[in-house]
Amino acid sequence: MDASNAPKKSAQADWHRADIVAALHKKGWSLRKLSVQSGLAERTINSALDRPYPKAESIIAAAIGVAPEQIWPQRYERRNFTPVLTLPTTSIRTLQCAVA
């Protein structure tokens, strides 16, 4: 497969779970310790590594010292997505006439 046929990846990928754990360890935290310190059950924070969990994502990001959007850009891209509704011009005129 040459480069022209390669599937395109998004501009930014989520951090790998091992990178997140390593970053926490560099700051002196373990997932368990962070979870207990935050008043959660011992393995609750681990959930954010596998699936979206905004509260745990914020706790992890704060411990590492970065924004959650930097660790999980794909999650936040989907979470902050706002669909754009485009109406044909005739529909807009119809709505304006109906309101007036």
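Residues numbered from 1 in each chain as written. Predicted model: local features only at pLDDT ≥ 70, side-chain atom pairs only at ≥ 80, totals over all residues. Heavy atoms only, no water.

This structure, assessed with the given rule, holds 3 salt bridges. A salt bridge links Asp50 to Arg17, with the shortest nitrogen-to-oxygen separation between them at 2.4 Å. Separated by 33 residues along the polypeptide, Asp50 in helix α3 (residues 47-50) and Arg17 in helix α1 (residues 17-26) bring together distant segments of the chain. The class of Arg17 is partly exposed, set by a relative accessible area of 37%. Residues Arg75 and Glu57 are paired through a salt bridge, measuring 2.7 Å at the closest nitrogen-oxygen approach. Of this pair, Arg75 sits in helix α6 (residues 73-79) while Glu57 sits in helix α4 (residues 54-64), and the two are 18 residues apart along the sequence. Look at Glu57 and you get buried, because its relative accessible area is 0%. (Salt bridge = Lys/Arg side-chain N within 4 Å of Asp/Glu carboxyl O. Helix = DSSP H or I, 4+ residues; strand = E, 2+ residues; numbered from the N terminus. Buried < 20%, exposed > 50% of the residue type's maximum accessible area, 1.4 Å probe, protein only.)

Moving on, we get to the packing of aromatic side chains. Scanning the model with the defined rule gives 0 aromatic pairs in all. Over the face of the ring belonging to Trp29 we find Lys33, whose NZ or CZ atom lies 5.7 Å from the ring centre. (Phe/Tyr/Trp six-rings, centres within 6.5 Å; stacked < 30°, edge-to-face > 60°. Lys NZ or Arg CZ within 6 Å of the ring centre and 35° of its normal.)

Let us now look at the side chain of Arg75. On the accessibility criterion, Arg75 (8% relative accessible area) is buried. There is a polar contact of 2.7 Å between the side chain of Arg75 and the side chain of Glu57. Those residues within four positions of Arg75 in sequence are excluded, and the remaining contacts are Asp14, Ala48, Leu49, Asp50, Arg51, Pro52, Tyr53 and Glu57. (Polar contact = N/O pair within 3.5 Å; in protein donor to acceptor, adjacent residues only side chain to side chain. Contact = heavy atoms within 4.5 Å.)

Running from N to C, α1 and α4 cross one another at 50 degrees; their axes reach a closest spacing of 9 Å. The angle between α1 and α4 places the two elements in the oblique class. Considering how the two elements wind past one another, α1 and α4 form a crossing that is left-handed. Residues Ile20, Ala23 and Leu24 of α1 form the contact with α4, whose participating residues are Ile60, Ala63 and Ile64. In terms of residue class, the contact of α1 with α4 is made up of 6 nonpolar, no polar and no charged. (Axes fitted to C-alpha atoms, helices over the stretch in contact; angles between N-to-C directions. Parallel < 35°, antiparallel > 145°, perpendicular 65-115°, else oblique. Left-handed = near helix turned anticlockwise from the far one by under 90°. Nonpolar A, V, L, I, M, F, W, Y, C, P; charged D, E, K, R; others polar.)

So far we have only geometry, and geometry alone does not tell us how the molecule works.
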